Protein chains: 2
Amino acid sequence: MAYDVFGIENPLIDLLARVPEDFLARLGVHKNTMTLVEQERFQHLLKALEGMHIHAEPGGSCANTMLGIAQLGGKTAFCGKAGGDAYGRIYIEKLRGAGVSPFISTDGHLTGSTVILITPDAARSMNTYLGACQDLGAADVPLHALRESRRLYITGYLWDTAGQQEAARLALRTAKAEAIPVAMSLSDPFCVHRHKADFRAILREHVSLVFANREEALALTETDNSQEALRALRDWCGGAVITLGASGALIAEAGETIYVDAFAAKPVDTTGAGDAFAAGYLHGKSVGASPLQCGRLGAYFAARVIEKVGPRLEGDVRAQLAPVLGSPRA
Amino acid sequence: MAYDVFGIENPLIDLLARVPEDFLARLGVHKNTMTLVEQERFQHLLKALEGMHIHAEPGGSCANTMLGIAQLGGKTAFCGKAGGDAYGRIYIEKLRGAGVSPFISTDGHLTGSTVILITPDAARSMNTYLGACQDLGAADVPLHALRESRRLYITGYLWDTAGQQEAARLALRTAKAEAIPVAMSLSDPFCVHRHKADFRAILREHVSLVFANREEALALTETDNSQEALRALRDWCGGAVITLGASGALIAEAGETIYVDAFAAKPVDTTGAGDAFAAGYLHGKSVGASPLQCGRLGAYFAARVIEKVGPRLEGDVRAQLAPVLGSPRA
């Protein structure tokens, strides 16, 4: 097989800029939150940043996970839609440079982007413009590459436009025909509320491993406690992971329920914690680790990621995760 | 059966006094900690409190649990050794008044006691004198009452003196002969370190349900994570509960692993949290609740207890725990 995991979702380029405190007020940016913005507003923000140093990094939830798996030594592919602009080219190059095989078609729109304004107090104020991401369609899915993958990974965010849904559904049908197991992240609680019926149907029919945080899991299963949510997700999918933030994580796999302690961490920015958990977990599965080992790798990866600004670790990630990379292969 | 749960351990009378801040320094009391003290020091403290209002309440870990079960409507007995002094009489009267059947023999020593000094900043500084508690012996165990009980509950603290151990071992042998299931609390991490080999043997041979917090569980099983500790305890006992503080609790019962969310709480004093959890859990078992229901009752009881000073709730406890007392019987 060419790839351990094939992911589909939004190629969002993170544009990070350090700005003075008064920049936020001047541009009417809500501090410490993520706001979805339209094209006009996005371009207004970019114009205001002209002349400042902007650091461009591939981002987006699914891409973060594919990059995390690549850092652990796994082979991943990432499919999505970018714009035909410079940011689209940078995204694809950086993805390839980081060891993720890009299957990213481009069109005439702007590449989706998250403008991240970092003020001197280390707060992050995020403005996401989905742009070309929303143009993804069934024709953009490289079925040959998917067929050469050991696992498909999709996210709930794909349900927000009809075209992205079609792409996801084609990938799911193909995976089913090829007996490729599917993992899915529920993405965020709002996304779950928007697509509850669809997500339930998808989980039952296509997904063998679901990732959710506690809030997403309770929303989808309409229960008031993690254990009952886990049982419902397990009954639908067979495998389920519920991340519990600083309280650890719960896993249901192979008929067993497993609890994973959170590792001690001094959090400075929780962005990307769930993506890192999924990366560790999925890589563990690729190398044949036990569910507990998979969970510990995910939890430790997440603990290290939240100790720095941004959704990813830099440098030799395997060395940084050595305390839980027990076997030479994991 | 006369009793749902028969408990044995230390009848320690809690003596609570509100003292000015400088009282601690004047008497060399360590603030915010529990210190074991000898008789001379204990009497010195009592003398210094003369003339102040002292509130006397039955305390001690196991008694707290028996009192909690009684508050929930369960029938409990409590066995231990008190002194022939006024505090011993107060302890026995208060226990009986709270609905717990006392099987407390007395001797010529002083009743064990925890002097709890509450300063104006709400800090609790505790000084425990074990006194007569340590004189408990096999002859003090009312075997007729134990034989009329549905469950025996013991704690690790009983292993600290030879006489208490003999009493505990007689109770264990009797329970085994009568097929009465035994639950045990590991008490505290230091206690686990002192008696590791004994505790392991007792769990394997006599105990079908063990209560431990995370630190105690890791110490006894010599593992570095809750899941492996739970597996080891389950393999030894069949049933195991690991409380995880603000992260909830883990249960292994009937071949199943169950996670219980912590309930939201604004903690002011965590004294008695584990005792309350055990009370809720054991009462749930008495009334035929599922392991998840038992755990939720324990977790909710603990959440309410840590929101007040002292190890117990007052007033109508069933009304206060109504949100998790789902069925009319539980």
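If you're wondering where the values come from, they're calculated on a predicted model, not measured in any experiment.

Remarks on the overall build of chain A
Thinking step 1. Of the regular secondary structure elements, chain A holds 13 helices and 14 strands.
Thinking step 2. Judged by the C-alpha coordinates and their principal axes, chain A covers about 55 × 45 × 40 Å.
Thinking step 3. Scored against the burial criterion, the 330 residues of chain A give a buried share of 55%.
Thinking step 4. The long-range share in chain A, meaning contacts at least 24 apart out of those at least 6 apart in sequence, stands at 73%.

What about helix α6 (residues 162-178) of chain A?
Residues and elements named next belong to chain A.
Thinking step 1. Between the first and last C-alpha of α6 there are 24 Å, a value that for 17 residues agrees with the 24 Å anticipated at 1.5 Å per step.
Thinking step 2. Turning to α6, its buried residues are Gln-164, Ala-167, Ala-168, Ala-171, Leu-172 and Ala-175. In a view along the axis of α6, the buried residues occupy a sector of 135°, so they form one face of it. Turned more than 90 degrees away from the buried face of α6, the exposed residues are Ala-162 and Ala-177.
Thinking step 3. Buried residues along α6 sit against β1 (5-8), α5 (143-147), β9 (152-155), β10 (182-185) and α8 (196-206).
Thinking step 4. Immediately beyond the C-terminal end of α6, within one or two residues, lies Ala-179, with a positive phi of roughly 55°.

Concerning the environment of Ser290(B)
Residue and element names in this part refer to chain B.
Thinking step 1. With respect to the helices and strands, Ser-290 occurs in the loop between α11 (273-286) and α12 (291-305).
Thinking step 2. On the basis of neighbour counts, which here come to 15 C-beta atoms within 10 Å, the residue Ser-290 falls in the partly exposed class.
Thinking step 3. Along the sequence, Ser-290 and Ala-229 sit 61 residues apart, while their C-alpha atoms lie 22 Å from each other.

Some points on the interface of chain A and chain B
In many analyses, interface size is given as the accessible surface area lost on bringing the parts together.
Thinking step 1. Listed by partner, the interface residues are 12 residues for chain A and 13 residues for chain B.
Thinking step 2. Of all the secondary structure elements, the ones that give two or more residues to the side of chain A that touches chain B are α10 (226-237) and β14 (256-260) of chain A.
Thinking step 3. The leading source of residues in the side of chain A that touches chain B is β14(A), at four residues.
Thinking step 4. For the side of chain A that touches chain B, the residue count by class is five nonpolar, six polar and one charged.

Structural notes on the sheet that holds strand β12 (residues 239-243) of chain A
All names here are of chain A.
Thinking step 1. Judged by pairing direction, the sheet is mixed, and its nine strands sit side by side in the order β6-β5-β1-β9-β10-β11-β12-β13-β14 without closing on themselves. Of all strands in the sheet, those with a lone pairing partner are β6 (100-107) and β14, marking the two edges. Strand-to-strand twist across the sheet, computed as the mean angle between neighbouring axes with direction ignored, equals 15°.
Thinking step 2. Note: β1 against β9, two bridges, orientation parallel.

Quick word on the packing of helix α3 (residues 61-71) of chain A against helix α11 (residues 273-286) of chain A
Residue and element names in this part refer to chain A.
Thinking step 1. The N-to-C vectors of α3 and α11 enclose an angle of 45°; their axes lie 8 Å apart at closest approach. In terms of their interaxial angle, α3 and α11 are classed as oblique. Between α3 and α11 lies a crossing whose hand is right-handed. Of the residues in α11, those touching α3 at Ser-61, Asn-64, Thr-65, Gly-68 and Ile-69 are Asp-275, Ala-276, Ala-278, Ala-279, Leu-282 and His-283.
Thinking step 2. Split by residue class, the contact of α3 with α11 holds five nonpolar, five polar and one charged.

Here we look at the nonpolar core
Thinking step 1. In terms of nonpolar packing, the biggest core is built from 213 residues, with Val210(A), Leu233(A), Val210(B) and Leu233(B) touching the most fellow members.
Thinking step 2. When neighbours within four sequence positions are excluded, Val210(B) is seen to be in contact with Met184(B), Leu186(B), Leu203(B), Leu233(B), Cys237(B) and Ala240(B).

Overview of the relation of the copies chain A and chain B
Thinking step 1. Expressed as a screw operation, the relation of chain A to chain B combines 0.0 Å of axial shift with a rotation of 180°, fitting to an RMSD of 0.0 Å. Put plainly, the chains are arranged around a two-fold axis. If distances are taken from each C-alpha of chain A to the rotation axis, the shortest is found for Ser247(A), at 2.3 Å.
Thinking step 2. Interface overlap between copies: 100% of the residues of chain A at the interface are likewise at the interface in chain B, consistent with a symmetric, same-surface contact.

Some points on the pairing of strand β6 (residues 100-107) of chain B
All names here are of chain B.
Thinking step 1. Sheet analysis places strand β5 (residues 76-83) next to β6, joined by eight bridges and oriented parallel. Within β6, the residue paired with Ala-82 across the bridge is Thr-106.
Thinking step 2. For the crossover that starts at β5, traverses helix α4 (residues 86-97) and ends in the parallel β6, the hand is right-handed.

Re unusual backbone geometry
Thinking step 1. With a phi close to 55°, Ala179(A) is a non-glycine residue in the positive phi region.
Thinking step 2. With respect to the secondary-structure elements, Ala179(A) resides in the loop between α6 and β10.

A word on the confidence of the model for chain A
Thinking step 1. On average, residues of chain A score 94 in pLDDT, and 98% of them are at 70 or above.
Thinking step 2. Here the predicted complex carries an ipTM of 0.86, next to a pTM of 0.91.

Side note on the packing of α11(A) against helix α12 (residues 291-305) of chain A
All names here are of chain A.
Thinking step 1. At a minimum axis separation of 7 Å, α11 and α12 run at an interaxial angle of 150°. Between α11 and α12, the angle falls in the class roughly antiparallel. The handedness of the crossing between α11 and α12 is right-handed. Of α12, the residues touching α11 (which contributes Ala-273, Ala-276, Phe-277, Ala-278, Ala-279, Gly-280, Tyr-281, His-283, Gly-284 and Lys-285) are Gln-293, Cys-294, Gly-295, Leu-297, Gly-298, Ala-299, Tyr-300, Phe-301, Ala-302 and Val-305.

Some details on α8(A)
Residue and element names in this part refer to chain A.
Thinking step 1. Listed as buried for α8 are Phe-199, Ile-202, Leu-203 and His-206. Seen end-on, α8 carries its buried residues on one side only, within an arc spanning 105°. Of the exposed residues in α8, the ones pointing more than 90 degrees away from its buried face are Ala-197, Ala-201 and Arg-204.
Thinking step 2. Contacts made by the buried residues of α8 are with α6, β10, α7 (189-194), β11 (209-213), α9 (214-221) and α10.

A word on the environment of Asp85(A)
Residue and element names in this part refer to chain A.
Thinking step 1. Here Asp-85 lies in the loop between β5 (76-83) and α4 (86-97).
Thinking step 2. Under the C-beta neighbour-count criterion, Asp-85 is labelled partly exposed, with 18 such atoms within 10 Å.
Thinking step 3. Separated by 35 residues in the primary sequence, Asp-85 and Pro-120 place their C-alpha atoms 30 Å from one another.
Thinking step 4. When near neighbours in sequence (up to four residues on either side) are disregarded, Asp-85 contacts Leu-110 and Thr-111.

Topic: the sheet that holds β6(B)
Residue and element names in this part refer to chain B.
Thinking step 1. Pairing within the open sheet is mixed, and its nine strands lie in the order β6-β5-β1-β9-β10-β11-β12-β13-β14. On the outer flanks of this sheet lie β6 and β14 (256-260), each paired with one strand and no other. Within this sheet the neighbouring strands show an average axis-to-axis angle of 15°, counted without direction.
Thinking step 2. As defined by bridge partners, strand β11 (residues 209-213) adjoins strand β12 (residues 239-243) across five bridges and the pair is classed as parallel. Looking across to β12, one finds that Ala-212 is bridged to Ile-242.
Thinking step 3. Strands in contact with α4 are β5 and β6; relative to β6, the strand with the most contacts, it is inclined by about 165°.

Digging into the environment of Trp236(A)
Residues and elements named next belong to chain A.
Thinking step 1. For Trp-236, the location among the structural elements is in helix α10.
Thinking step 2. Residue class for Trp-236 comes out buried when judged on the 20 C-beta atoms lying within 10 Å of it.
Thinking step 3. The sequence separation of Trp-236 and Arg-151 amounts to 85 residues, and the corresponding C-alpha distance is 18 Å.
Thinking step 4. Beyond its immediate sequence surroundings of up to four residues, Trp-236 is in contact with Arg-200, Leu-203 and Arg-204.

Cut-offs and rules
Residues numbered from 1 in each chain as written. Chains lettered and ligands numbered in written order. Predicted model: local features only at pLDDT ≥ 70, side-chain atom pairs only at ≥ 80, totals over all residues. Helix = DSSP H or I, 4+ residues; strand = E, 2+ residues; numbered from the N terminus. Buried ≥ 20, exposed ≤ 12 C-beta atoms within 10 Å, placed from the backbone. Contact = placed C-beta atoms within 7 Å. Expected span 1.5 Å × (residues − 1). Arc of directions from axis to C-beta. Nonpolar A, V, L, I, M, F, W, Y, C, P; charged D, E, K, R; others polar. Pairing = 2+ DSSP bridges. Axes fitted to C-alpha atoms, helices over the stretch in contact; angles between N-to-C directions. Parallel < 35°, antiparallel > 145°, perpendicular 65-115°, else oblique. Left-handed = near helix turned anticlockwise from the far one by under 90°. Core = buried A, V, L, I, M, F, W, Y, C linked by C-beta atoms within 7 Å. Least-squares fit on C-alpha atoms with pLDDT ≥ 70 in both. Right-handed = clockwise from strand over helix to strand, strands pointing away. pLDDT = per-residue confidence, 0-100.

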